[in-house]
Amino acid sequence: MKTTAEGEAKNGFGLMIDTARAKPVLIEEDGRGVVVVVSVQVCERLSVQSGRADQGETGTKGGIARWPMKGSRASR
């Protein structure tokens with residue numbers, strides 16, 4: 001798993017996405033893990049393995065949130 005700081009992930013978003021296609025990327029804030037970015041294939045496989053593949057919420061597909069979410073600051 002690749003580890004990167006939050007600012008580095010933000011500034012190198014395209015590289016982070018390319019890396020996440022090959023292996024999970026752990027994003028840290030103040031030296032602590034906050035989120036892991038994984039490919040869609042890995043996420044879907046984990047959802048199926050956990051039995052949650054069809055339990056998405058509003059605005060999601062299989063439990064995967066879409067971005068930007070309606071009503072979020074990013075969607076304005």
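Since the structure is predicted, the reported quantities are computational estimates derived from the model, not experimental observations.

Colleague: Just give me the short version of the sheet that holds strand E3 (residues 32-37), but keep the residues and values in it.
Modeller: In a beta sheet, neighbouring strands pair by backbone hydrogen bonds and run either parallel or antiparallel. Across the sheet, which stays open at both edges, the three strands sit in the order E1-E2-E3 with mixed pairing between neighbours. Taken across any chain shown, the strands that pair with only one partner, and hence form the sheet edges, are strand E1 (2-5) and E3. In this sheet, adjacent strand axes meet at a mean angle of 30 degrees when their direction is disregarded. Strand direction decides the pairing type here: strand E2 (residues 25-29) and E3, joined by five bridges, are antiparallel.

Colleague: Tell me about the environment of isoleucine 17, and please be specific about residues and values.
Modeller: On the secondary structure map, isoleucine 17 appears in helix H2 (residues 13-22). Separated by 20 residues in sequence, isoleucine 17 and valine 37 place their C-alpha atoms 8.0 Å apart.

Colleague: Mind laying out the nonpolar core, listing which residues take part and the relevant values?
Modeller: It is characteristic of soluble globular proteins that their nonpolar side chains tend to be buried jointly. In terms of nonpolar packing, the biggest core is built from five residues, these being Ala9, Met16, Ala20, Val25 and Ile27. If you list the elements that add at least two residues to this core, you get H2 and E2. For alanine 20, the contacting residues outside a window of four places in its chain are Val25, Val37, Val38 and Ser39.

Colleague: Break down H2 for me, citing the residues and quoting the values.
Modeller: When we look at burial in H2, the residues that qualify are Met16, Thr19 and Ala20. Relative to the axis of H2, the buried residues are bounded by an arc of 100 degrees and lie together on one face. In H2, the exposed positions that point more than 90 degrees away from the buried face belong to Leu15, Arg21 and Ala22. Those residues of H2 that are buried lie in contact with E1, helix H1 (6-11), E2 and E3.

What counts and what doesn't
- Residues numbered from 1 in each chain as written.
- Predicted model: local features only at pLDDT ≥ 70, side-chain atom pairs only at ≥ 80, totals over all residues.
- Heavy atoms only, no water.
- Pairing = 2+ DSSP bridges.
- Helix = DSSP H or I, 4+ residues; strand = E, 2+ residues; numbered from the N terminus.
- Axes fitted to C-alpha atoms, helices over the stretch in contact; angles between N-to-C directions.
- Core = buried A, V, L, I, M, F, W, Y, C linked by side-chain atoms within 4.5 Å.
- Buried < 20%, exposed > 50% of the residue type's maximum accessible area, 1.4 Å probe, protein only.
- Contact = heavy atoms within 4.5 Å.
- Arc of directions from axis to C-beta.

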